[in-house]
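# Remarks on the overall topology
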Amino acid sequence: MSNAHKATAPDPGDFLEVDGSLSAEERDIRDTVRDFATGELLPNVADWFDAGTIPDARALAKSFGDLGVFGMHLDGYGCAGASAVSYGLACRELEAVDSGLRSFVSVQGSLAMTAIHRFGSEEQKNTWLPKMAAGELIGCFGLTEPDSGSDPGSMRTRARRDGSDWVLDGTKMWITNGSIADVAVVWAATEDGIRGFVVPTNTPGFSANVVHRKLSLRASITSELVLDGVRLPESAVLPGSGGLGSPLSCLNEARYGIVWGATGAARACYQAALDYAATREQFGRAISGFQLTQRKLADMLVDVNQAGLTALQIGRLKDAGRCHHTHVSFGKLSCVAAAQRVAGEARSIHGANGITLEYPVLRHMLNLETVATYEGTAEIHALSLGQAVTGVSAFR
Ligand code: TGC
Ligand code: FAD
């Protein structure tokens, strides 16, 4: 006879007990990041979003460095060498506050630091990574261009040799933290294919312009990078980089963080909706008692928990060395779509209050428009999966 009906009622926030399978170390990391995120970031994030910037991004970088989340999945050079699941949990807890804050950590650790860690010389690693891990230096990652987004292989930024130097010309667009960065990892086409360059942002010819009037990811700084005859020594090229596969392999790391991050945004919206529905009364009763609201809450519960299971499974595959980049596409496509559905339903449950910054739901919903776009749009990840299951590429 089944005992299912006698079991303790599930926790709505972790219905399938995904967190029950975490190790003690993973739970510690989750709790440390959650405490920091809810204590230090949550009270400020609506103001930052309202202002359309992070007013003291250097102080925030230092706090993230002290917390140990920059490049936490990397080994050596001041990095923590944590598991993929631990890194994912950190992304989840940060994005439960705001996608822009997880982005800060993704771009620094998964993109700029990973590129140097994976393709850099010992000298480059020793010069940049410890200070980036500590949050003393801020990095950005320039792949996208005004006319080259989903198709980065069509980039126009060029690096040409001039004696023993390299000279870079081109424009990068939509670059997170570009105008506050100390160092930019810039991808450029050379005679030998696409290569990565470590560009100190005080190099003559380098400039960055902030993108204004964004309606999404407002608690994040987004910039255009202009490279106008930027002259660099041979030691600036990432010696291990070669071909489009190099930047794409960094994207896999950041996309993996987004898989988890999206589950944090979804959880935050779901919890806000649950709380609001329990206290908001119309027609003489709490709106949580209406069948139509319960249908929304049930659908959200399923989305939040299925996304959580997906993220954990991909994390376990990654820790076991069995994560293919199409697993990450699966997670990025499905978890972000789930978070978008949850945020939309949560906003509707909040009625008029849902359109204000007093509640987190529209802020998350707007942020998720960016999350669904960067690091490969939903369409690009659908095509990656389509190619994986059919063997036919439909990109062109
Ligand atoms: P294709 O011919 O398929 O591939 C070129 C080479 O790359 C290899 N490859 C990968 N390697 C590692 N990881 C992946 N995910 C890879 N996908 C492909 C491939 O095997 C090949 O290697 P080889 O040795 O044969 O040369 O290239 P394609 O030109 O057809 O393009 C493929 C496509 C469309 C999937 C790719 O270009 C793509 O992913 N487009 C989306 C671009 C994108 O995601 N940009 C993100 C910019 S960074 C950003 O948004 C930061 S947001 C801030 C934050 O994260 O918070
Ligand atoms: P496009 O590629 O022009 O796509 C437009 C539409 O066409 C999309 O719906 C797309 O899915 C669709 N489409 C394109 N190709 C196909 C196809 N083959 N089949 C079907 N549909 C297709 N980039 C960086 O390099 N570094 C960063 O730090 C960074 N940070 C960002 C921060 C923010 C806030 C934003 C919004 C973007 C950021 N990006 C960054 C850029 C981001 O990666 C690109 O916006 C993204 O790759 C999509 O490129 P695009 O905007 O040019 O859209």
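The chain is annotated in an unreviewed UniProt entry as glutaryl-CoA dehydrogenase (ETF) from Halostreptopolyspora alba. Listed in UniProt under the heading Catalytic activity (unreviewed entry), the comment for the chain reads: "glutaryl-CoA + oxidized [electron-transfer flavoprotein] + 2 H(+) = (2E)-butenoyl-CoA + reduced [electron-transfer flavoprotein] + CO2". Among the UniProt annotations of the chain, the heading Cofactor (unreviewed entry) holds the following wording: "FAD".

## Topic: the site of ligand 1
Among the 23 residues in the neighbourhood of ligand 1, the closest are listed as Ser103, Asn252, Arg255, Glu375 and Gly376. Within the contact set of ligand 1, a nitrogen atom lies 2.9 Å away from a backbone nitrogen or oxygen of Ser150. Here a nitrogen atom of ligand 1 sits 2.8 Å away from a polar atom, N or O, in the side chain of Asn252. Isolated, ligand 1 exposes 1100 Å² of accessible area, and the fraction of that covered by the protein chains is 71%. Counting only elements with at least two residues in the shell around ligand 1, the list comes to helix H4 (99-119) and helix H6 (245-279). For the shell around ligand 1, the element with the highest residue contribution is H6, accounting for six residues. Within the shell around ligand 1, the residues separate by chemical class into eight nonpolar, eleven polar and four charged.

## Structural notes on the site of ligand 2
Neighbouring ligand 2 are 18 residues; Thr144, Ser150, Trp174, Thr377 and Glu379 lie closest to it. One of the side-chain N or O atoms of Ser150 is found 2.6 Å from an oxygen atom in ligand 2. Contact with the protein chains removes 68% of the 990 Å² of surface that ligand 2 exposes when unbound. No other element matches strand S5 (residues 165-176), which puts three residues into the shell around ligand 2. Counted by class, the shell around ligand 2 contains eight nonpolar, eight polar and two charged residues. Two domains each provide a minimum of three residues to the shell around ligand 2, namely domain 2 (139-236) and domain 3 (245-390).

## Observations regarding the pattern of salt bridges
Across all of its chains, the model carries 23 salt bridges by this definition. Taking the shortest distance from any N to any O, the salt bridge between Asp19 and Arg92 comes out at 2.8 Å. With Asp19 in the segment before helix H1 (24-51) and Arg92 in helix H3 (residues 84-95), the pair connects residues that are 73 residues apart, well separated along the chain. Here Asp19 and Arg92 have matching classes, each one buried. Note that Arg156 is salt-bridged to Asp147, the shortest N-O span being 3.1 Å. A relative accessible area of 58% means that Arg156 is categorised as exposed.

Thresholds, definitions, all that
- Residues numbered from 1 in each chain as written.
- Chains lettered and ligands numbered in written order.
- Predicted model: local features only at pLDDT ≥ 70, side-chain atom pairs only at ≥ 80, totals over all residues.
- Heavy atoms only, no water.
- UniProt positions renumbered as here; feature names shortened; annotations may be inferred.
- Near = heavy atom within 4 Å.
- Polar contact = N/O pair within 3.5 Å; in protein donor to acceptor, adjacent residues only side chain to side chain.
- Areas by Shrake-Rupley, 256 points an atom, 1.4 Å probe, with all protein chains shown as cover.
- Helix = DSSP H or I, 4+ residues; strand = E, 2+ residues; numbered from the N terminus.
- Nonpolar A, V, L, I, M, F, W, Y, C, P; charged D, E, K, R; others polar.
- Domains from an automatic or database assignment.
- Salt bridge = Lys/Arg side-chain N within 4 Å of Asp/Glu carboxyl O.
- Buried < 20%, exposed > 50% of the residue type's maximum accessible area, 1.4 Å probe, protein only.

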